[in-house]
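# Geometric and topological summary
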Amino acid sequence: MIRKGTYVLAVTLGSPADIRVGALGILHFDPGLYIYVGSAMGGLDQRLSRHLRRDKPLRWHIDYLTSAADSAEAFESYPDFIPECELARMAEASGMVPAAKGFGCSDCSCPTHLFRATAGQLAALVSSAGMARFR
């Protein structure tokens, strides 16, 4: 069975990094926690398993960040998922700060789908969205 849904990736960088992110070019990332919101209408399990691997072909903006990350974990919105752009609005409304213009949102009108966050802001978003940790 293919599970369709949306997700939040929590990506931690332990040190500053300048990362080439596809067509966005080289972006600077300070150490800390980054939250990315995405959707997986072709298969949630496959997409999240791929995102959590370090060694993979670099296809999406988030692949460049997760390949350089010290750690990453995922939370899923399934089966009654919150649309990806609504999750992005919820992330910003919870106090998360947009991290890179155009990141992960080339197919919508959102300014970004990547945010800087604290652990508390992540916990609040996961709770308010009714998300579960991906295993």
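One can find the structure itself at the top, above this paragraph.
Now for a look at the structure at hand. As the structure is a prediction and not an experimental result, all values here were calculated from the model.

Space left empty within the atom packing is revealed by a probe, the size of a water molecule, rolled over the atoms. A volume near 260 Å³ is recorded for the largest pocket. Surrounding the largest pocket, 16 residues form its lining, Tyr 36, Trp 60, Gly 104, Ser 106 and Asp 107 being those nearest its centre. For the lining of the largest pocket, the secondary structure elements donating two or more residues are strand E4 (32-40), helix H1 (44-52) and helix H2 (61-68). Per element, the largest residue contribution to the lining of the largest pocket is three residues, and it comes from H2.

Its place among the elements puts Lys 56 in the loop between H1 and H2. Within the buried set, Lys 56 has no salt-bridge partner at all; the shortest N-O distance to an opposite charge, 4.4 Å, is to Asp 63. One polar contact links the side chain of Lys 56 to the main-chain carbonyl oxygen of Arg 50, over a distance of 3.4 Å. Contacts of Lys 56, omitting those with residues within four sequence positions, involve Arg 50, His 51, Asp 63, Thr 66 and Ser 67.

What follows deals with the state of the cysteines. Inspection of the entire model under this criterion finds zero disulfides. A disulfide-free cysteine, Cys 85 has its sulfur positioned 3.4 Å from the sulfur of Cys 110, the nearest such atom.

With eight of nine residues buried, strand E1 (residues 5-13) lies mostly within the body of the structure. With seven bridges connecting them, E1 and strand E5 (residues 71-77) associate as antiparallel partners. Bridge pairing links Thr 12 to Ser 71 in E5.

The residue after Tyr 78, namely Pro 79, is reached through a cis peptide bond having omega 0°. As for its placement among the helices and strands, Pro 79 is situated in the loop between E5 and helix H3 (84-93).

Here we come to the pattern of salt bridges. Evaluation of the coordinates by the stated rule reveals five salt bridges. When the shortest N-O distance is used, the salt bridge between Arg 50 and Asp 63 registers 2.8 Å. Here Arg 50 is found in helix H1, whereas its partner Asp 63 is found in helix H2, with 13 residues between them in sequence. Across this residue pair, the class does not change: Arg 50 and Asp 63 are buried. In this structure, Arg 89 engages Glu 86 in a salt bridge whose closest nitrogen and oxygen atoms are separated by 3.2 Å. On the criterion of helical spacing, the pair formed by Arg 89 and Glu 86 is a turn pair, its members being three residues apart in helix H3.

Procedures and definitions
Residues numbered from 1 in each chain as written. Predicted model: local features only at pLDDT ≥ 70, side-chain atom pairs only at ≥ 80, totals over all residues. Heavy atoms only, no water. 1 Å grid on protein atoms, 1.4 Å probe; cavity = no way out; pocket = protein on both sides within 12 Å on 5 of 7 lines; lining within 4 Å. Points joined across faces, edges and corners; volume = space filled by probe spheres on them. Helix = DSSP H or I, 4+ residues; strand = E, 2+ residues; numbered from the N terminus. Buried < 20%, exposed > 50% of the residue type's maximum accessible area, 1.4 Å probe, protein only. Lys, Arg positive; Asp, Glu negative; His and termini not counted. Salt bridge = Lys/Arg side-chain N within 4 Å of Asp/Glu carboxyl O. Polar contact = N/O pair within 3.5 Å; in protein donor to acceptor, adjacent residues only side chain to side chain. Contact = heavy atoms within 4.5 Å. Disulfide = S-S within 2.5 Å. Pairing = 2+ DSSP bridges.

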